[in-house]
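Analysis of the macromolecular model
The residues making up each chain are set out below.
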Amino acid sequence: MQHHTTILLIEIGALLFGLGMLGRLGRRFGLSPIPLYLLAGLAFGQGGLIPLSASEEFIAIGAQIGVILLLVMLGLEYSADELVGNLRAAAPAGLIDMLLNALPGAAFALLLGWDWKAALVLAGITWVSSSGVIAKVLGDLGRVGNRETPVILSVLVIEDLAMAFYLPLVTAVLAGLGLASGLSTLSVAVVTVVAVLVVAIRYGGEISRFISVKDPEALLLSVLGLTLFIAGVAGELKVSEAVGAFLVGIAISGPVAHHATQILSPLRDLFAAVFFVFFGLSTNPSDMAKVILPALALAVLTMSTKVLTGYLAARRAGIALPGRWRTGLALMPRGEFSVVIAGIAVAYGVDARLAPLAAAYVLITVVTGPLLARLTDYAWFKKLLRKRIAAQKPLAALE
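Parameters at a glance
- Residues numbered from 1 in each chain as written.
- Predicted model: local features only at pLDDT ≥ 70, side-chain atom pairs only at ≥ 80, totals over all residues.
- Heavy atoms only, no water.
- UniProt positions renumbered as here; feature names shortened; annotations may be inferred.
- Helix = DSSP H or I, 4+ residues; strand = E, 2+ residues; numbered from the N terminus.
- Buried < 20%, exposed > 50% of the residue type's maximum accessible area, 1.4 Å probe, protein only.
- Contact = heavy atoms within 4.5 Å.
- Areas by Shrake-Rupley, 256 points an atom, 1.4 Å probe, with all protein chains shown as cover.
- Polar contact = N/O pair within 3.5 Å; in protein donor to acceptor, adjacent residues only side chain to side chain.
- Axes fitted to C-alpha atoms, helices over the stretch in contact; angles between N-to-C directions.
- Parallel < 35°, antiparallel > 145°, perpendicular 65-115°, else oblique.
- Left-handed = near helix turned anticlockwise from the far one by under 90°.
- Nonpolar A, V, L, I, M, F, W, Y, C, P; charged D, E, K, R; others polar.

With an unreviewed UniProt entry as reference, the protein chain is termed Potassium/proton antiporter membrane subunit, CPA2 family, source organism Actinoplanes derwentensis. Its UniProt record, at the heading Sequence similarities (unreviewed entry), says of the protein chain: "Belongs to the monovalent cation:proton antiporter 2 (CPA2) transporter (TC 2.A.37) family." The UniProt entry for the protein chain carries the following comment under Subcellular location (unreviewed entry): "Membrane".

As structure tokens, this is what we get:
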């Protein structure tokens, strides 16, 4: 036991120190550290250079906490009223998002000769963006307060809520449990989401007043404990832990939200890094090599449809041209939900090629997504946008 503990401390210590150096290196060259964290995970995961066997369980739990903290921090930025208003306004964008991104995944599976169950699974994998990765990218690029950010969040929340409906149904279909069992699980998920949202809207002020801002230690423990508890309950009820954490952030407002953001930020950064490493650790590079070309083609196709989704959603919200592109480019990465969906499919014996394809696909979008999200910050891209805006003005005058 003692030997295992010391090896665990050595692995975790070396890993965190290495991540710190990678993060410093990335920021020195103006890059997001996310791709570097993922590559570190690949280097030390299945089929990597040195497997981190002793710390694997710790990293898996840390990865779950990382996603939860990323989402609660996003929720702290917005009130319940803003969320409801944004969801109503973004409902058409959510429908467009599903059509533009789920259908290509299903069609791609059928083109590969897979059956309709695999098509249903791949549709979910290509549909949902990664809330965790996008939250990190928005923070790294200093865009949390941008005008287009509520549009991005609305699309993400609609996707996460849709997963509360999709996951129970796809699990029931793959398990052959029938429609009745799937609808029962779905009903529980819907009631849970609505109940938490109602509590956040009606009693958010009372919850915030109950949590003290005078004692930083008590504030940290209260907010973190409440977030983990609600996320865990949401997961048990077949609702996304991420949705539960986001709604906790929405429920907390005022000075409590401001102080909680300051206190939780270092914890978020720590566990978010662990999350990205864990994703790399759970991926075997040799399996991905066999399906890299189909995964690359699927990534190019559905990253393009995500850009179109974000562009249309931002245009509908009255966002200017640069903000439309920032919205679309930000939505490209897929992540935690795609991995979960692929895992469910593998557990129920869907096509064996699905898991490595999903892993390669997610890795491509997660590595390239944060890099492409910076396009709008480059001078040449800004120049192109200015030319586009200048060309549109004479046309608008003629109308």
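Structure's up, so let's keep going.
So, about the overall build of the protein chain. Along the backbone of the protein chain there are 17 helices and zero strands. Buried positions account for 49% of the 399 residues belonging to the protein chain. When contacts within the protein chain are restricted to residue pairs at least 6 apart in sequence, long-range pairs at least 24 apart make up 83% of them. About 18400 Å² of surface is accessible on the protein chain, with carbon and sulfur atoms providing 69% of the total.

This part takes up the side chain of threonine 227. Relative to the elements of secondary structure, threonine 227 occurs in helix α9 (residues 216-236). Ignoring anything within four residues of it in the chain, the contact list for threonine 227 reads Ile68, Val72, Ala245 and Val248.

Turning our eyes to something else, we now look at helix α6 (residues 131-140). For α6, the tally of buried residues reaches eight of 10 residues, placing the bulk of the element in the interior. Looking only at α6, the buried set comprises Ser131, Gly132, Val133, Ile134, Ala135, Lys136, Val137 and Leu138. At the N-terminal end of α6, a side-chain oxygen is found 3.1 Å from the backbone nitrogen of valine 133, two or three residues along, and the residue is serine 130. In the stretch just after α6, glycine 142 is the one whose phi turns positive, near 65°.

Before going further, it helps to examine the packing of α6 against helix α11 (residues 254-281). Where α6 meets α11, the closest approach of the two axes is 11 Å, and the angle between their N-to-C directions is 130°. Judged by the angle between their axes, α6 and α11 are oblique. Crossing hand, α6 versus α11: left-handed. Residues Gly132, Val133 and Lys136 of α6 pack against Asp269, Phe275 and Phe276 of α11. Among the residues making up the contact of α6 with α11, the classes are represented as three nonpolar, one polar and two charged.

Topologically, threonine 126 is positioned in helix α5 (residues 116-127). Taking the relative accessible area as the measure of exposure, threonine 126 reaches 0% and is therefore buried. Among the polar contacts listed, one links the side chain of threonine 126 to the backbone oxygen of alanine 123, at a separation of 3.2 Å. Aside from chain neighbours lying at most four places away, what touches threonine 126 is Asn101, Ala102, Gly105, Leu298, Thr302, Lys306, Arg334 and Tyr361.

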